[in-house]
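Report on the structure
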Amino acid sequence: MKSRGAIIRQAPGKFEIADLLVDEPRQNELRVKMVASGLCHSDDHMTTGDLPVAVYPVCGGHEGGGIVEAVGPNTTGYEVGDKVIFSFLPACGKCRWCSTGHQNLCDLGANALLGARWDDPTSFRLQLEDGTPVGQALGISTFAEHTTVAVDSAIKVPADTPLEKACLLGCAAGTGWGSAVYTGGVQAGDTVLILGSGGIGSNAVQGAVHAGAARVIVVDPVAFKRDVALSLGATHAVETVEEGTALAQSFTNGQGADVAIVTTGVITGPHIAQAFAGVRKQGTVVVTALGNATEVGIPVPLLELVLFEKKIKGSLFGSSNPRADIPKLLELYQAGVLKLDELITTEYALDDINQGYEDMHAGRNIRGVIRF
């Protein structure tokens, strides 16, 4: 069928709206009419080339939800009309990682940037009208009006789910919340330092609060983002890392934060080093943000790493299990515990996607959302 989507023809580049042909679903696939998609910084990393993909053009978007409009043959568990939220990382349920409770590390994710099906790098579900294959970002492409996806990436949710808000569960909410609760292991009474309070950082704030942190210190140069962080439960919000570290030390007899979470827009080694300096002995630094894929090196004192037993941990999708955690976070949202509405600053039409990313760079949005 014919559709439209936001594609990148090369990197560095910008999104452009193109007419697309969308394949009918095959076995264990769904065709979905999109309702909403979050504008995550990770897709912007694709436009800059920081996050390289295997195929251009590629249709972006990996955080979204929609309504099933076609179900592939011999595909069980889904019906036309079902609402689904996409997990940007597929979960096969069978590999070592899925079977040990680490669905975010599913082996299928190794091919998530191929743009094709996980098991066949020549098999695409989107193309331009002239027949040129179009890669799908993370196998889903939520920046398309319609998309055909594997069931490995689709989580069915209740019929009353407001997808225009709950779409954030497909990346931002789980990534930020899990960075605090799962990867960081925040415990009651902890002091937590969070570097960056955009779409991911604001959810890290909520995760730390839900875990019982006594003090949640947010660092962000944008006053608007600091104010939102405070409204979500942060106890302090400051402009610089130096201020944040001094605050954490003032509450802990000079020791520093128990956990520091790095959710800056574009990460560098020095960001991690700043967080490292801000945690106590045996403190944990959680690195969630993305940067240039080729950059290597973290300038941390090696003796301090060893003698203070500090830990630096990467966090992918907040170390979550999307098939379990997306429904759980949805329940928290419906109970009024997890805030999502308050994170959506602006809604955009698909044609205004580049304006949405300009607003993100300018610090005007916590999360922008495309409404289809």
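See above for the structure.
Residues numbered from 1 in each chain as written. Predicted model: local features only at pLDDT ≥ 70, side-chain atom pairs only at ≥ 80, totals over all residues. Heavy atoms only, no water.

1. Focus: the nonpolar core
Counting 39 residues, the largest nonpolar core has Leu169, Ile194, Val205, Ile261 and Leu340 as the members making the most contacts within it. Among the elements that make up this core, the one with the highest residue count is helix H10 (residues 322–334) (four residues). The contact partners of Ile194, leaving out residues within four places of it in the chain, are Gly201, Ala204, Val205, Val216, Ile217, Val218, Val219, Ile261 and Thr263. By size, the runner-up hydrophobic cluster in this structure holds 36 residues, among which are Leu138, Ile140, Phe143 and Val149. (Core = buried A, V, L, I, M, F, W, Y, C linked by side-chain atoms within 4.5 Å. Buried < 20%, exposed > 50% of the residue type's maximum accessible area, 1.4 Å probe, protein only. Helix = DSSP H or I, 4+ residues; strand = E, 2+ residues; numbered from the N terminus. Contact = heavy atoms within 4.5 Å.)

2. Thoughts on the pairing of strand S18 (residues 367–371)
Among the five residues of S18, four are classified as buried, and the element is accordingly described as predominantly covered. Note: strand S3 (residues 29–38) against S18, three bridges, orientation antiparallel. Its bridge partner lying in S18, Ala36 is registered against Arg371. As defined by bridge partners, strand S17 (residues 344–348) adjoins S18 across four bridges and the pair is classed as parallel. Bridging across to S18, Tyr348 finds its partner in Ile370. (Pairing = 2+ DSSP bridges.)

3. Side note on helix H8 (residues 269–277)
The complete set of buried residues in H8 reads Gly269, Ile272, Ala273, Ala275 and Phe276. Seen from one end, H8 has its buried residues packed into an arc of 160°, which puts them on one side. Contacts made by the buried residues of H8 are with strand S11 (191–195), strand S14 (257–262), strand S15 (279–287), helix H9 (302–307) and strand S16 (311–314). (Arc of directions from axis to C-beta.)

4. Observations concerning the pairing of S11
Among the five residues of S11, five are classified as buried, and the element is accordingly described as predominantly covered. The two faces of S11 match: Thr191, Leu193 and Leu195 on one face and Val192 and Ile194 on the other face are all buried. In this sheet, strand S12 (residues 215–219) lies alongside S11 in parallel orientation, the contact comprising five bridges. Considered in S12, the bridge of Ile194 is made with Val218. A crossover connection joins S11 to the parallel S12 through helix H5 (residues 199–210); in handedness this β-α-β unit is right-handed. Where S11 and S14 come together, four bridges link them in parallel fashion. Paired with Ile194 across the strands is Ile261, a residue of S14. (Right-handed = clockwise from strand over helix to strand, strands pointing away.)

5. What to know about the sheet that holds S15
The strand order across the open sheet built from six strands is S13-S12-S11-S14-S15-S16, with neighbouring strands paired in parallel fashion. Either end of the sheet is taken by a strand with one partner, and the two such strands are strand S13 (236–238) and S16. In this sheet, adjacent strand axes meet at a mean angle of 20° when their direction is disregarded. Strand direction decides the pairing type here: S12 and S13, joined by three bridges, are parallel. Looking across to S13, one finds that Ile217 is bridged to His236. The strands that helix H7 (residues 241–251) touches are S11, S12, S13 and S14; relative to S12, the one it contacts most, it runs at about 165°. (Axes fitted to C-alpha atoms, helices over the stretch in contact; angles between N-to-C directions.)

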